[in-house]
Every structure is written in structure tokens, then in C-alpha cells.
Amino acid sequence: RCFPQRWISSSERPAMRIHTLVAALLVLLLPTHDVAAEELVLIVNRDSGISALSREQASHLFLGRVKMLPSGARANVVEVEPLRASFYRRLLGRDIAEINAYWARLQFSGRTQPPLRVADSAAAISRVAQDPDAIAFVDLVPDDPRARVVLRLGP
């Protein structure tokens, strides 16, 4: 029980139970802010010289542990804001709150800055197409011939 019996009169108890039940049901029915894409793909610029990445390589890049692409160029990591939670859950099995806390610690210590964030997959594809050192995750395979899929993360 949340409240001692003496604080709530017997006539208020059933109403309180109903309110608690309704509140619990509303929480379960509210949509989450996570976008559940069918598949997420990691993309790089076609001229980057990278044909594939492992999950481990991708996790090191997106957590800032590795700053260089396998080609030797400095990585410009790009995140799509609405896909972040789904991406990190699929890649690392981590909740977005854990990822945010991780980056907050790194920023506070002055060790590194988090990836650039863009509004949608189209902006990420455009960024990768323009920057040979960029890597991003998107929820659709790009139509742009300048971008190449290097890792697929299924549902």
C-alpha cells in the first residue's frame, strides 16, 4: 500500500484504486517516442573505400572509442535524432538513457564530443553523400549512388 490506512478513509479507497488503475493503463497505452523502423542501415560515402563494417567496429565508432574509419580517415559520425533509441538498442542492447549518460560523462570530462545529430534520414544521407569521412545510420536504403550500406541492423 502506498498510504497508511489511517490517511485514507474507507470511502476513498475504491476511488483511489480506480484512479491508480486508470493511470497505469494510460501509461501502457501512450505511444513511445521511439521510432520502430523495420531495418536500420549504416551508410558511408561510396568514395570512403569501406565496403563493410562489423557490429563491433560500428559500436566503437558511435561510442567515440575509435575516431578513425577503417580507411584511416577521421570519422565524422552522424546520428538521426528520431532513430537514436532504436539504433542503440539494436547495436548495443542499451537504453537511450544509458547512452545519453555515457555521452554526458565524456563531455563533462572533456574527452570527446558526441556525434553530430540531424533531423531525419534524408539529412543524414545528404551529409554522407557530401562528406567522404561521414558515417550515419538511417532507416532506409539511400537512393543516392554516392552512399553505400556497410552494415544492416534488422528489427
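As a reminder, the structure under discussion sits directly above these lines.
Residues numbered from 1 in each chain as written. Predicted model: local features only at pLDDT ≥ 70, side-chain atom pairs only at ≥ 80, totals over all residues. Heavy atoms only, no water.

Participant: Provide a residue-level description of the overall build of the protein chain, including the pertinent values.
Facilitator: Each helix and strand in the protein chain was counted, giving five helices and five strands. Across the protein chain, helices and strands are ordered from the amino to the carboxyl terminus as α-β-α-β-α-α-β-α-β-β. Going through the 155 residues of the protein chain one by one, you find that 36% of them count as buried. Considering only residue pairs separated by 6 or more positions, the protein chain has 71% of its internal contacts joining residues 24 or more positions apart. Here the protein chain displays about 9500 Å² of accessible surface, and carbon together with sulfur accounts for 57% of that area. (Helix = DSSP H or I, 4+ residues; strand = E, 2+ residues; numbered from the N terminus. Buried < 20%, exposed > 50% of the residue type's maximum accessible area, 1.4 Å probe, protein only. Contact = heavy atoms within 4.5 Å. Areas by Shrake-Rupley, 256 points an atom, 1.4 Å probe, with all protein chains shown as cover.)

Participant: Describe in detail helix H5 (residues 121-130), supporting the description with residues and values.
Facilitator: Three or more residues of H5 are buried, namely Ser121, Ala124, Ile125, Val128 and Ala129. End-on view of H5: buried residues confined to an arc of 135°, all on one side of the axis. Along H5, the residues that are exposed and aim more than 90 degrees away from the buried face are Ala122 and Gln130. Among the structural elements, strand E1 (40-45), strand E2 (76-80), strand E3 (116-118), strand E4 (134-138) and strand E5 (147-153) are those in contact with the buried residues of H5. (Arc of directions from axis to C-beta.)

Functional significance is not addressed by these values, which are geometric in nature.
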